[in-house]
Amino acid sequence: MTQTPAVVVRDLHVRFGDVEAVSGVDLTADSGRATALLGRNGAGKSTTMKVLAGVVPPTSGAVTVAGHDAATDALGVKRVVGYCPDVGGLVPRATPWEHLQLSARLRRMGDWEQRGRDLLERFELGDVAHRVVGGFSHGMSRRLSVVLAALHEPAVLLLDEPFDGVDPLGVEATLEVVADARARGACVLLSTHLRDLALEACGEAIVLRGGNRVAAMEAAELTGEAYRALLD
Amino acid sequence: MPSSTDIRTDIRTDTRTDARLDTWLDAARDTGHLVAFRARTVRRRRAGAVGVVVVLALSLVFAVAPSGFDPASVDSPTVARAFASIRGNLGATFAGFLLLAVAASVGSGGGRELLSRSEAAVHPISPVTEHLGALLLAPLNLAWLVQMWGLLAITALVASPEHLLGAQFVVLAWVLAATAFGQAVGWAVEGVRRTARGVLAVRVVGGLVVATLVGLHLAGHLGRVVGALPTTWVAATAQTSGWPLAVLVLLGLAAVGVVVGARPAAWALGLPPREELRVQSGVHEARPAPEPRWGSPDRALLRRLDRGSVWRSVGMRRGLLTLGLGPGLVALVAGLEWGSVMLLPGLTASGAALLFGVNAWCLDGKGMVWRETLPVSAADVFDVRALVVAECMALCSGVTVVLALLRNGLPPLVTGVAVLSCWLVVVVQVLAIVMTWSIRSPYSVDLSSPRATPAPHAAMAGYAGRLSLVTTLTAMLFTGLTVLPWAWVPAVVAVPFVAWSSRRLVRARRRWLADDERARVVLTVAAV
């Protein structure tokens, strides 16, 4: 029996006024696997991620995330998704611990403190757990965004540019989070410009161009030349 | 014949003077470039032009219209007493404007900025340019506008028609001088604030100033002290044929204020902003999740987060304290009667809303996207944000009312009902308006600096004008109701106002609940 993919996107269109940010994307991503979403700036990766996170409603098309329809059940989608946005993603005058507390309580997590502490330590944020994030460096903010996405062990983990401006130890910790999520059977979608890291973290790759999917393949098949050719 | 040493000294002095002149000319040119850049980013140009025309027209109306009023034509001892009080306190009103200019500049960390700190970081913008920019932006402030209109109106009321023009020239010259002086003081205080232990020093000195004013008032000496200020001479001269002298003196003082203010500006801007840095690196120990007796724990948690976003911001905290205490102290010290006090809750509520409420979602900054991924209903998010905005407005205006109560004692029943009804109406009115604006026109802003504003300056000017107009007209209506013998009338009149504003608030909420509208707000505020 074939398992239903955790993420199913059919003919997704997202329009902001006159601009069509996503024009007819189709993709599927399975549980227990990590899929890289690649493409140039403006290819529609981040907008697709936002639709999958329940932040932006699809203009048309069908989007199902862990069985929840993103168009009609955004709240259900938010419960099962952990999302690290591409930019910022943190409330400037709240502390990391307050971010974790809010996220955990709204998801009805019981004993979350130990896991929160472990994740903060793993990402070397334990010392600043009670400082407001407004004073954080870009890399620290990115690391905390990954921690927040992973805290509740979501069924679908969406990481949008998680390596951007992050030091090697942070990259390592992020790769561990992806591996852990795959190991417990979660579906991971990872959007990045860094092909090498995408290949290291993911087994499959999807390339978007101009708001469309132009290729889906095993990550190992995506050589530098092949990727370059798909971008042009 | 001059010696060679004299010639060298002259050349050095000339070179230095030329360099200073160049600095000012460069700064003026750069300010022009920045203003033009900001002007090009105005979204609704026609609305902006209409706003400027309305402000100028209102200024003209306030400067001329009250002149036709003859208190003798109204055979009322109350009106005669009020008129005599206004005439006697004109010098104090001039001093009040100066106090406001200083408070506004001190409260906003030296003055507003033409470009936000992060935007300006990559450009070679000199402190003199920053200083000139702050001076230009000083009028885009609700309290500044209202006080200026008040000053024009009162002067028109008390000046004889043949001296009206001269008196209003004096008022305008005073407004310029007070603004320039206030700006210089604001930069100096900001400089002190940025030194080690400067925050403490500013708080102690500020407390002492307030305590002295209150002490003088309680001892019955304040009136004499204020009467001895040079503003009494300015106010008196304005109403005579000697007004050109007053204008010349004031314009000279304004020029001196502008030039001198550049010094503390350069000093302050060269120091690290300690208070902001302290807040950014401040430790806030974890507190257990709230377990409210009433209401949902989710809402309580959201409320805590939103309140933290307000009170951990240096600018908002400072603004709320200034708005809470400033007008109340004016009411206390200047001895405003209930008729005038009625105007204050609306204006302070509007001022509080202008700190962040007009763009309420900007509290979350770029964290708005993350907030939107939380599994909590959009209705809860809206309700909690509206409550926090309302809390800030009610707090500021409430302090004003309480301080007025201390000054005037319990009012007659009809006045008391009118004050409470008016307070409720203006808070709900402003809340409905600003929540509508927050959804219709969101902006991405970084409020970490106290010099930042929650919306572009042109928009802020429009917001300030509209809020002050609406709340002032409402307050005037309720002031009029106090002459009636029936205490129930103000409460009944409040009902349609509250109903209309509630309807508007519900409409804004409905708009927020629409997924695509909410997504637009989220993406705009987070600038992604």
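Coordinates for the structure precede this section.
Conventions and cut-offs
Residues numbered from 1 in each chain as written. Chains lettered and ligands numbered in written order. Predicted model: local features only at pLDDT ≥ 70, side-chain atom pairs only at ≥ 80, totals over all residues. Helix = DSSP H or I, 4+ residues; strand = E, 2+ residues; numbered from the N terminus. Buried ≥ 20, exposed ≤ 12 C-beta atoms within 10 Å, placed from the backbone. Contact = placed C-beta atoms within 7 Å. Expected span 1.5 Å × (residues − 1). Pairing = 2+ DSSP bridges. Axes fitted to C-alpha atoms, helices over the stretch in contact; angles between N-to-C directions. Core = buried A, V, L, I, M, F, W, Y, C linked by C-beta atoms within 7 Å. Domains from an automatic or database assignment.

This brings us to the overall build of chain B. Secondary structure summary: chain B contains 23 helices and 0 strands in total. On the principal axes, the C-alpha backbone points of chain B span a range of 90 × 65 × 45 Å. The proportion of buried residues among the 528 residues of chain B is 46%. For chain B, the share of sequence-separated contacts (at least 6 apart) that also reach a separation of at least 24 residues comes to 87%.

Attention now goes to the overall build of chain A. Along its length, chain A carries 8 helices and 10 strands. Dimensions of chain A along its principal axes, counting C-alpha atoms only, are 45 × 45 × 40 Å. Counting across all 232 residues of chain A, residues that qualify as buried make up 53%. If you take every contact in chain A between residues at least 6 apart in sequence, the share linking residues at least 24 apart comes to 67%.

What follows deals with helix 5 (residues 138–150) of chain A. For helix 5 of chain A, built from 13 residues, the straight-helix expectation of 18 Å at 1.5 Å per residue is met to within 8% by its first-to-last C-alpha distance of 19 Å. A large share of helix 5 of chain A lies buried, amounting to 11 of its 13 residues. Among all positions of helix 5 of chain A, only M140, S141, R142, R143, L144, S145, V146, V147, L148, A149 and A150 of chain A are buried. If you follow the buried residues of helix 5 of chain A, they end up packed against strand 6 (81–84), helix 3 (96–106), helix 4 (113–122), strand 7 (156–160) and helix 6 (168–183) of chain A together with helix 18 (368–372) of chain B.

Backbone hydrogen bonds hold the strands of a sheet together, and the pairing may be parallel or antiparallel. Residues and elements named next belong to chain A. Reading across from one edge, 6-7-8-3-9-10 is the order of the 6 strands in this open sheet, with mixed pairing throughout. Each end of this open sheet is capped by a strand with a single partner; those strands are strand 6 and strand 10 (212–218). Each adjacent strand pair in this sheet contributes to an overall mean axis angle of 15 degrees, direction not counted. Relative to strand 8 (residues 187–191), helix 6 is tilted by about 150 degrees, and along the sheet it contacts strand 3 (34–39), strand 7 and strand 8. Relative to strand 9 (residues 204–209), helix 8 (residues 224–231) is tilted by about 30 degrees, and along the sheet it contacts strand 3, strand 9 and strand 10.

Take the nonpolar core next. By size, the foremost hydrophobic cluster in this structure holds 226 residues, and its most contacted members are V156 of chain A together with L431 of chain B. If one sorts the elements of this core by residue count, helix 20 (residues 413–440) of chain B sits on top with 17 residues. Viewed by domain, this core spans two of them, domain 1 (68–282) and domain 2 (295–528) of chain B, each represented by three or more residues. Among all residues touching L431 of chain B, those that are not within four sequence positions of it are A386, V389, A390, M393 and L505 of chain B.

Keep in mind that these numbers describe shape and distance, not what the molecule does.
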